[in-house]
Amino acid sequence: MAEPSERVNLWCMSTVSSAPLTTIASIGQYEGQSVTLRGWLYNLRSSGKLLFPTFRDGTGTIQGIVPKAAVPEELFETLKNLTLESSVVVTGKVRADSRAPSGFELDVEDVIVTQRIPDETPYPIQLKEAGVDFLMEHRHLWIRTPRQSAILRVRATIMRAAAEYFDTNGFFRTDPPILTPNACEGTSELFEMEYFDNDKAYLTQSGQLYIEATAMALGKVYSFGPTFRAEKSKTRRHLTEFWMIEPEVTYLELDGLMSLAEGFLTHIVARVLEAHRGDLKVIGKDVTKLEAITAPGEFPRLSYDDAHKMLLDAHAKGLIENAHVYGDDFGSPDETYISNQFEKPVMVHRYPAEVKAFYMQPDPLDPTRALCVDVLAPEGYGEIIGGSQRVDSYDLLKSRIEQHGLPMDAFQWYLDLRKYGSVPHSGFGMGIERCVAWICGLEHVRETIPFARTLNRIYP
RNA sequence: UCCUGAGUAGCUCAAUGGCAGAGCAUUCGGCUGUUAACCGAAGGGUUGUAGGUUCGAGUCCUACCUCAGGAGCCA
C-alpha cells in the first residue's frame, strides 16, 4: 500500500501543477480544463477498477472518477486506500455530466495527500444517521458535513446583509460593552463574574440601553454582537450565548419602527435568495416560502387585541389547547398559531404595558398599552424581533424604575438621556440564530451557530 | 424550577424476566458508472452508575448521573 506522508507544504502547492487553482463552487467556469482543488476526501466508492472519490472544499462537493487503466498505478492505490476526511490537493479535468448532482465531475489526474488519517483512528462522523448528543460532542467535525456547512454559509450572508442594511441607510455601528455593571432589564438571570477586587460584572444581555445613548449622539445607530442569558431554558429556540443586531433611531415612533423592521427582514431574505439557492436545496428549505417574503405586499400588522381575538377563535374551534387569557403575554403555542395564519412575518403591536419592559413608552391613546412590537416569523418560528418606542419622559422613566424595584444608582446615566435633550426614539433587537433557523427551516437553533452554548453543553 | 422520554458494539438501533443481535463504520476479499453504492468474510460488549427483587435482570424496583423534548421566560 502506498503510504503518503505529510510531505506537502502549503507554499509549494501552486507549483505542483500548472492547472489553475479553483473552488468547487466555481468549477463550472473551467469545463474541459484541468484544475486544482484543495480539500478533503468526503466519501469513496469503488466498482472494481473504477474509483469514485467525492471531494469537498468548503464551497461544495464534487465526485471524481478514477479508472485504473487511465492513471498511474501508484495514484490508483493511494486513492483506493485513502481514508475519509484525509486532506488532499486534487488535480483533474472538469467534465459536465448529467449523472452528477451538481452537473460536473472531475476526471482525476493527480492527488497529493496532505495528511492521511491513519486506519487505526478513523474519522468518527459517518455519513449515516447520528444522534444529537454525539453530533454536538463532535461539533468541531460535524460542521464539515454539507448540510452544516451550507447553514453556516447562509448565516454569514444573513449577518452581512443585516449589517449592510443599516450601513447603507445612514446608520452608524456603535457596539455597546459586553461587560456591564448591572442588569439592563433587571430581571433575567445574568452570567456573573468577578471584576477585579470588590466588584461584580455581568455579561450583557442586551446593548439596548447603551445604544440609546449613542443614538442621542449620532441619530441612527446599531449594534451587532454576542449577548448572554443564563436562563434555564431548554428548547429548540434558546441558546445561552447568541448574536443580536439592534438598531436605535431618534425621532422614530412605533409605526416607523415597524416599517424599519419590515425593510430590514425583506432585505435579508432577498440577499439569501440571491446567493444561496444551492445551499437552501442542500438544507432542504422550501424556497417558495422565502419568495413569499420578498413578494410585493406589506407585512401584516396585528394589534394585541386582534391577536387575542384570533386566539380565542382558534381555541373555540379546537385548534389550540389553552384559551389565551386577556392581559397575558402570548405563549409559544400562541405565537406559533398566529404566525401560521400568514405567509409573511406578522407584527404584533401594543401589548399590555404590564407584561412588557419598564422602558417602553405607553400608548397615548391607551396608557395601559405599550408602544411595542414583536415580529413573529412564519412557519411557527416565533418571535425573531422585539422592539419598542422608548419612554422619553424623565419623570415617567424614573417612576418606572422605582416600580420595578431596580437600583436607581445604576440607572442614573440612563436617566440623564431624558434629562438632557430627550427625544422620542425607538429600536428593536433581532436574534441572528432564530432568524437563521427560520430562513433555513431548521428544527433547532443549535445548528445555526458554529458552536452553540446551551444549558447543558459548553464543549467543544 | 417543573413535566415527559431515552441511555445496549465506534455510530444508529433490536432483544416476551431465560444463549448479547442487526445495519453502518473498521480490516480483508470481489465488482468499470457508483450516488449515505452493492456482494462475501472477520474482529469488535463491565447493557450509564450504585444498590435491591429473583433460580435467573439489558428487561422489574429504588436512588443517582447524563442527554433530549416541552412548559415557564425570552431573541
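Everything quoted here is computed from the prediction, not taken from an experiment.

**A short note on the domain arrangement of chain A**
Then, in step 1: Under the domain assignment used here, chain A contains domain 1 (10-115) and domain 2 (139-447).
Then, in step 2: If you average the C-alpha positions of domain 1 and of domain 2, the two centres end up 45 Å apart.

**A short note on the sheet that holds strand S13 (residues 346-349)**
Then, in step 1: If you trace the eight strands from one edge of the open sheet to the other, you get S6-S10-S11-S18-S17-S16-S13-S12, paired in mixed fashion. Where the open sheet ends on each side, the last strands, each with one partner, are strand S6 (172-173) and strand S12 (301-303).
Then, in step 2: Taken together, the five bridges between strand S11 (residues 241-250) and strand S18 (residues 425-431) define a ladder with antiparallel strand orientation. Of the residues in S18, the one forming a bridge with Met 244 is Gly 431.
Then, in step 3: Its contacts with the sheet put helix H4 (residues 146-167) on strand S10 (220-228), S11 and S18, and the angle it makes with S11 is roughly 15 degrees.
Then, in step 4: Running over the sheet, helix H5 (residues 208-218) touches S6, S10, S11 and S18 and is turned about 35 degrees from S11.

**Structural notes on the protein's contact with RNA strand B**
Then, in step 1: Lining the immediate surroundings of RNA strand B are 52 residues, of which Asn 43, Glu 105, Leu 127, Arg 236 and Arg 434 lie closest.
Then, in step 2: Ser 47 is positioned with one of its backbone polar atoms (N or O) 3.2 Å from a sugar or linking oxygen of RNA strand B.
Then, in step 3: Here a phosphate oxygen of RNA strand B sits 2.8 Å away from a polar atom, N or O, in the main chain of Gly 131.
Then, in step 4: Split into classes, the residues belonging to the surface near RNA strand B amount to 14 nonpolar, 17 polar and 21 charged.

**Focus on the pairing of strand S15 (residues 366-370)**
A regular strand carries its side chains on alternate faces of the sheet.
Then, in step 1: Bridge count for strand S14 (residues 362-363) against S15 is two bridges, and the pairing is antiparallel. Within S15, the position partnered with Asp 363 by the bridge is Asp 366.
Then, in step 2: Linking S14 back to S15 in an antiparallel pair, the connection comprises two residues.

So, how was this worked out
- Residues numbered from 1 in each chain as written.
- Chains lettered and ligands numbered in written order.
- Predicted model: local features only at pLDDT ≥ 70, side-chain atom pairs only at ≥ 80, totals over all residues.
- Heavy atoms only, no water.
- Domains from an automatic or database assignment.
- Pairing = 2+ DSSP bridges.
- Helix = DSSP H or I, 4+ residues; strand = E, 2+ residues; numbered from the N terminus.
- Contact = heavy atoms within 4.5 Å.
- Axes fitted to C-alpha atoms, helices over the stretch in contact; angles between N-to-C directions.
- Near = heavy atom within 4 Å.
- Polar contact = N/O pair within 3.5 Å; in protein donor to acceptor, adjacent residues only side chain to side chain.
- Nonpolar A, V, L, I, M, F, W, Y, C, P; charged D, E, K, R; others polar.

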